[in-house]
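Okay, here's what each chain looks like letter by letter:
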Amino acid sequence: MDSVEADYKVKLEVFEGPLDLLLYLIKKEEVDIYDIPIERITNQYMEYLSLMKLLNLEVAGEFLVMAATLMYIKSRMLLPADQQVTDAEGEEGEDPRWELIRQLVEYKKFKDAALQLGRREEEQSHLFPRQVGDLGFESQPDQPLAEVGIFDLINAFNQVLKKASEREDFREIFEERFTVSDKIEEILYTLRDRLEMVFSELFANAGSRAEVVVTFLALLELIRLKRLRVQQVEAFGEINVTKVV
Amino acid sequence: MTIELKQIIEALLFSAERPLSLKEIRQIIAEATDEENPGSIEGFRNVREAQIAVVLEEIKVEFDTQLRSFQLVEIAGGWRLMSRPEYAPWLKKLLDEARPHRLSQPALETLSIVALRQPISRADVAGIRGVEVDGVIRSLLERDLITITGRSDAPGKPLLYGTTQRFLEHFGLRNLDDMPKATELRAQAAALKTAEAKATTPVSENEGQAPTTPQPN
């Protein structure tokens, strides 16, 4: 195959996931969701998968897992009732389709709820609240705060790193376990019911150099997203990290 | 001119940046001070929430019957002045860029699940949707429609998510019971939990071997 073609992958937006595809097939075939003709639906499902591959669409792993599940159910349906394997739940003779049906029915309800929610959003987008503008004077803070620039931040970060290296137990023993997005969530979680924290507090529990770095990157990202502000009372003083509300 | 409770509440709603709840309104009225003319506000000190509710209803009806361009709306646990939908074309022009785009289908599905099953972990949301939800969760967090509400005791202590006040405002919901299919989908979760609790009895040994993976024909 032409290599240009091979690189050209489109994500199929029509079906977000395998459950969507199944619901679509059930609707298209006009079958009862509580009594899915598993062989017919499995065949159709596989046909769609090969079609997606033919069109060189990226088929997410979840679609393949579902294909395996369908095959498994199909093969179990072929067994006579007295040879059915009872699973861990111990319900003897339980319909092998049940777990999938339960999942489909639940998902469909949420999908319907989402549809209605979308309508609410549409309706709501026509209503505007009163916009109370900035009155031009904020209630005076106790101390004047200055916005902190990137160099102040890097300086403070450098100090944290230095302090960190002084600590005895500061060795890299663990593999990297932190991602920036995890740290972002952690910082926001720490600030869930308070407005501010001091810069050094962010790194108080950092267990490795890598974690310090990732935490710092997360902080920069949050500042970029305007979720946090950094301010200083005096030059080279402690930096305050404030939530933007 | 004598001030009436209705006018005080109207003034509060007019100047508020967020929906005001009965409780907030009551508190504000009870705690307001006026150094120059203390007598003028004393009379309202002991106002009760029930009285406020009646007045809010009056104001709402008044705006409706006077055909004002704005209305009093019950939203996100409080009351708020909002324009009527008919005036959207002009207001959209006025406020254009401040208005966020509409959410995608995956985002709406994820929000429905988080709203009705909160607090819930990422893995549980993915379990219901049958697809990964990491990207969607991140963008919903960024838009402040969901938030982290804690950590689960399950292995790995996954973060748990819930919806925000902003979520209710965005969709014009009074509260979470106002969600589409709220009763049905919540009741279902409760039923599942009881079923799980019952199913925790030890598994008997005579189950036989785990089934071998069948070959597709």
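Just above sits the structure.
Residues numbered from 1 in each chain as written. Chains lettered and ligands numbered in written order. Predicted model: local features only at pLDDT ≥ 70, side-chain atom pairs only at ≥ 80, totals over all residues.

Peer 1: Honestly, the overall build of chain A in this entry has me stumped. Any pointers?
Peer 2: Tallying secondary structure elements over chain A gives eight helices and six strands in all. The helix and strand sequence of chain A, counted from the amino end, reads α-β-α-α-β-α-α-β-α-α-β-α-β-β. For chain A, the residues scored as buried account for 20% of the 245 residues in total. Put simply, of all contacts in chain A between residues at least 6 apart along the chain, 66% involve residues at least 24 apart. (Helix = DSSP H or I, 4+ residues; strand = E, 2+ residues; numbered from the N terminus. Buried ≥ 20, exposed ≤ 12 C-beta atoms within 10 Å, placed from the backbone. Contact = placed C-beta atoms within 7 Å.)

Peer 1: Would you take a moment to explain the overall build of chain B for this structure?
Peer 2: In terms of regular secondary structure, chain B is built from 10 helices and five strands. Sequence-distant contacts in chain B: of pairs separated by 6 or more residues, those separated by 24 or more amount to 52%.

Peer 1: Even after reading the chapter, I still don't get the packing of helix α6 (residues 105–117) of chain B against helix α7 (residues 122–129) of chain B, so can you show me in this structure?
Peer 2: Helix-helix packing is characterised by the crossing angle of the two axes and by the distance between the axes. Residue and element names in this part refer to chain B. Packing of α6 against α7 leaves a shortest axis separation of 10 Å and a crossing angle of 120 degrees. When the interaxial angle is binned, α6 and α7 end up oblique. The hand of the α6/α7 crossing is right-handed. Contact residues: Glu109, Thr110, Ile113 and Val114 in α6; Val125, Ile128 and Arg129 in α7. A per-class count over the contact of α6 with α7 returns four nonpolar, one polar and two charged. (Axes fitted to C-alpha atoms, helices over the stretch in contact; angles between N-to-C directions. Parallel < 35°, antiparallel > 145°, perpendicular 65-115°, else oblique. Left-handed = near helix turned anticlockwise from the far one by under 90°. Nonpolar A, V, L, I, M, F, W, Y, C, P; charged D, E, K, R; others polar.)

Peer 1: Can you walk me through the interface of chain A and chain B in this structure?
Peer 2: By a widespread convention, an interface's size corresponds to the accessible area lost as its parts come together. In this complex, chain A contributes 42 residues to the contact, which on the side of chain B involves 48 residues. Counting only elements with at least two residues in the side of chain A that touches chain B, the list comes to α2 (18–28), α4 (61–78), α5 (98–124) and α7 (180–190) of chain A. In terms of residue count, α5(A) provides more of the side of chain A that touches chain B than any other element does, 15 residues in total. Classifying every residue of the side of chain A that touches chain B gives 19 nonpolar, 10 polar and 13 charged.

Peer 1: What is the right way to read helix α8 (residues 134–142) of chain B from this model?
Peer 2: Working note: α-helix, 3.6 residues per turn, so residues spaced by three or four point in the same direction. All names here are of chain B. Taken together, the buried positions of α8 are Val136, Ile137 and Leu140. All buried residues of α8 project into a common sector of 100 degrees when viewed along the axis, lining one side. Looking at α8, the residues exposed on the side facing more than 90 degrees away from the buried face are Asp134 and Gly135. Looking at the buried positions of α8, the neighbouring elements they touch are α6, α7, β4 (146–151) and β5 (159–163). Two residues or fewer past α8, Asp144 is found with a positive phi of approximately 60 degrees. (Arc of directions from axis to C-beta.)

Peer 1: Explain the pairing of strand β1 (residues 70–75) of chain B to me, please; I cannot follow it from the model alone.
Peer 2: One face of the sheet, then the other: side chains in a regular strand alternate in exactly this way. Residue and element names in this part refer to chain B. Relative to strand β2 (residues 78–83), β1 is paired through six bridges, and the arrangement is antiparallel. Residue pairing across strands places Ile75 opposite Gly78, the latter belonging to β2. Between β1 and β2, which pair antiparallel one after the other, the connecting turn spans two residues, and Ala76 there sits at a positive phi close to 45 degrees. (Pairing = 2+ DSSP bridges.)

Peer 1: Help me understand the sheet that holds strand β3 (residues 120–121) of chain B, please; the structure alone is not making it clear to me.
Peer 2: Sheet strands associate in pairs through backbone hydrogen bonding, adopting either a parallel or an antiparallel arrangement. Residues and elements named next belong to chain B. With respect to topology, three strands assemble into an open sheet ordered β3-β5-β4, the strand pairing being antiparallel. Across the chains shown, the open sheet's two edge strands, defined by having one partner strand only, are β3 and β4. Across two bridges, β3 lies against β5 in antiparallel orientation. Paired with Ser121 across the two strands is Leu160, which belongs to β5.

Peer 1: What am I meant to see in the environment of B:Thr2 here?
Peer 2: Mapping B:Thr2 onto the fold places it in the segment before α1 (5–15). Separated by 38 residues in sequence, B:Thr2 and B:Ser40 have C-alpha atoms that sit 8.7 Å apart.

Peer 1: I'm lost on unusual backbone geometry in this one. Help?
Peer 2: Note: most residues except glycine have negative phi, and most peptide bonds are trans. Across the junction of B:Gln118 and B:Pro119, the peptide omega takes the value -5 degrees, indicating a cis bond. Summarising the element assignment, B:Pro119 is placed in the loop between α6 and β3. For A:Glu30, which is not glycine, the phi dihedral falls at a positive 50 degrees. Within the secondary structure, A:Glu30 sits in the loop between α2 and α3 (38–54). Positive phi, normally seen in glycine, also occurs at B:Lys181, with a value near 60 degrees.

Peer 1: Just to check I follow, could you spell out helix α4 (residues 49–65) of chain B for this structure?
Peer 2: Under the 1.5 Å per step criterion, the end-to-end length of α4(B) is 24 Å for 17 residues, consistent within 8% with the ideal 24 Å. Positive phi appears at B:Leu67, one or two residues downstream of α4(B), with a value of about 55 degrees. (Expected span 1.5 Å × (residues − 1).)

Peer 1: Help me understand the nonpolar core in this model?
Peer 2: Note on soluble globular proteins: their nonpolar side chains tend to be buried together. With 56 residues, the main nonpolar core has A:Tyr45, A:Phe110, B:Leu111, B:Ile113, B:Val114, B:Leu140 and B:Phe167 as its most contacted residues. Considering each element in turn, this core owes the most residues, seven residues, to α6(B). Among residues more than four places away in sequence, those in contact with B:Leu140 are B:Ala107, B:Thr110, B:Leu111, B:Leu145 and B:Ile146. (Core = buried A, V, L, I, M, F, W, Y, C linked by C-beta atoms within 7 Å.)

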